[in-house]
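# Examination of the molecular architecture
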Amino acid sequence: MSSDPVSSREQFNAQASQYAASAVHRHGPSLPVLLDYAAPLPQDRALDVATGTGNTAHALAPFVASVVGLDLADLMLDHARRRAQEDRQTNVRFVVGSAETIPFPDAAFTLVTSRHAPHHFLNLDRFLAEAHRVLEPGGRLVVADQISPTPAVQAWMDPYQTLRDPSHHAQRTVEAWRALAEAAGFVWTQDTLVPYRLDFAWWTAQSGCTPETVQRLRAHADALGEAERQAAGLEYDAGGLLVAHIEQMLVVRLEKR
Ligand SMILES: C[S@@+](CC[C@H](N)C(=O)[O-])C[C@H]1O[C@@H](n2cnc3c(N)ncnc32)[C@H](O)[C@@H]1O
């Protein structure tokens, strides 16, 4: 369950080309919900934290004045820059930096987003404090991230996810998210869950798992009882082979009042 920013950078730099080509990440169903909650305006100055190959930054760009995409992984940002050039987006730029020490002054933005990334952050409380700091009063933070339905599922899920991707850190419950967001000073205004069905073969290939890691993941899952499998969203075929799991993405709009 532990990782450090270097392992996130290494993990995503190593998978950058695969990630850039992934339709699940580029067009996955959390993105339109995030955009709806963000309600981007022509005067918005947006920051997309842990932008990766820039999926959310590119989606916001046509609707706002400017977008900065921030990420630790420089090779992910290379793909993001290339795509912005191909799409002739001139109001987007990409900067190397950490979610926990955002390299911008207070009140620099009116909209902050972060999609499918906060479960990698070592200090979610620091990210939330930083997002709050760089937002203007009246600004909003819109997050999409995978959650665990209960603390018991999280205790099983974090080692499972970390085995597959060593840069995974913590897949919190909605209640834990809410407590941290409110402690950082945000008002929780809107939320929903968006389910993703992730094919096991695709999911393990996407993060570069070796055959040995795939076997260890199967063993970790197979040790669960039926009720626990259901709670964790695991899907088995008739022959008893793990084929997929359902990951619930929390999309939430937080406001700085
Ligand atoms: C699963 S990708 C999500 C990318 C993108 N937001 C999207 O929706 O496609 C996670 C990204 O988080 C970045 N990341 C992880 N920890 C970070 C941190 N502490 N600060 C900045 N970026 C981080 C990784 O480098 C990676 O590019």
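Residues numbered from 1 in each chain as written. Predicted model: local features only at pLDDT ≥ 70, side-chain atom pairs only at ≥ 80, totals over all residues. Heavy atoms only, no water.

Right, let's get into the overall build of the protein. Scanning the protein from N- to C-terminus turns up 12 helices and eight strands. With respect to the three principal axes, the spread of C-alpha positions in the protein is 55 × 40 × 30 Å. Here the protein holds 257 residues, and the buried ones make up 56% of them. Contacts in the protein between residues far apart in sequence, at least 24 positions, make up 76% of those at least 6 positions apart. Where the 22 positive side-chain charges of the protein centre and where its 30 negative ones centre are 6 Å apart. (Helix = DSSP H or I, 4+ residues; strand = E, 2+ residues; numbered from the N terminus. Buried < 20%, exposed > 50% of the residue type's maximum accessible area, 1.4 Å probe, protein only. Contact = heavy atoms within 4.5 Å. Lys, Arg positive; Asp, Glu negative; His and termini not counted. Charge placed at Lys NZ, Arg CZ, Asp CG, Glu CD.)

This part covers the side chain of Thr51. In this fold, Thr51 is placed in the loop between strand E1 (45–49) and helix H5 (55–60). Excluding its chain neighbours within four sequence positions, the residues that come into contact with Thr51 are Ala57, Gly69, Leu70, Asp71, Leu77 and Phe94.

With that out of the way, let us pick up the site of the ligand. As a structural note, the neighbourhood of the ligand is formed by 21 residues, with Tyr19, Ala50, Asp71, Ala99 and Arg115 the closest of them. Residue Asn55 places a side-chain N or O atom 2.9 Å away from an oxygen atom belonging to the ligand. The protein chains hide 98% of the 600 Å² of surface that the ligand would expose on its own. Per-class residue counts for the shell around the ligand are nine nonpolar, nine polar and three charged. (Near = heavy atom within 4 Å. Polar contact = N/O pair within 3.5 Å; in protein donor to acceptor, adjacent residues only side chain to side chain. Areas by Shrake-Rupley, 256 points an atom, 1.4 Å probe, with all protein chains shown as cover. Nonpolar A, V, L, I, M, F, W, Y, C, P; charged D, E, K, R; others polar.)

Residues Val67, Trp156, Tyr160 and Leu234 are the most contacted members of the largest nonpolar core, which totals 40 residues. The element that contributes the greatest number of residues to this core is helix H4 (residues 30–38), accounting for five residues. Sequence-distant contacts of Leu234, defined by excluding residues within four places in its chain, comprise Trp156, Tyr160, Ala221, Leu224, Arg229, Leu242, Ala244 and His245. Core analysis: the next-biggest nonpolar cluster, separate from the first, contains 30 residues, Ala108, Leu141, Ala181 and Val252 among them. (Core = buried A, V, L, I, M, F, W, Y, C linked by side-chain atoms within 4.5 Å.)

Take the environment of Phe121 next. Among the secondary structure elements, Phe121 is positioned in the loop between strand E4 (109–115) and helix H7 (124–134). Contact partners of Phe121, with chain neighbours within four places excluded, come to Val49, Ala50, Ala99, Glu100, Ser114, Phe127 and His169.

With respect to the helices and strands, Ala80 occurs in helix H6 (residues 74–86). On the basis of relative accessibility, which here comes to 0%, the residue Ala80 falls in the buried class. Separated by 27 residues in the primary sequence, Ala80 and Thr53 place their C-alpha atoms 4.3 Å from one another. With near-sequence residues (within four places) excluded, Ala80 lies in contact with Gly52, Thr53, Gly54, His58 and Phe94.

In this structure, Arg88 is a non-glycine residue whose phi angle is positive, near 55°. Structurally, the position occupied by Arg88 is in the loop between H6 and strand E3 (92–96). Of note in the backbone geometry, His116 takes a positive phi value of approximately 55° without being a glycine.

Turning next to the pairing of E1. Of all five residues in E1, four are buried; the element is thus mostly enclosed. Where E1 lies against strand E2 (residues 66–71), five bridges are found, and the strand directions are parallel. Paired with Asp48 across the bridge in E2 is Gly69. In this view, the connection linking E1 to its parallel neighbour E2 by way of H5 has right-handed handedness. Here E1 pairs with E4 via three bridges, running parallel. (Pairing = 2+ DSSP bridges. Right-handed = clockwise from strand over helix to strand, strands pointing away.)

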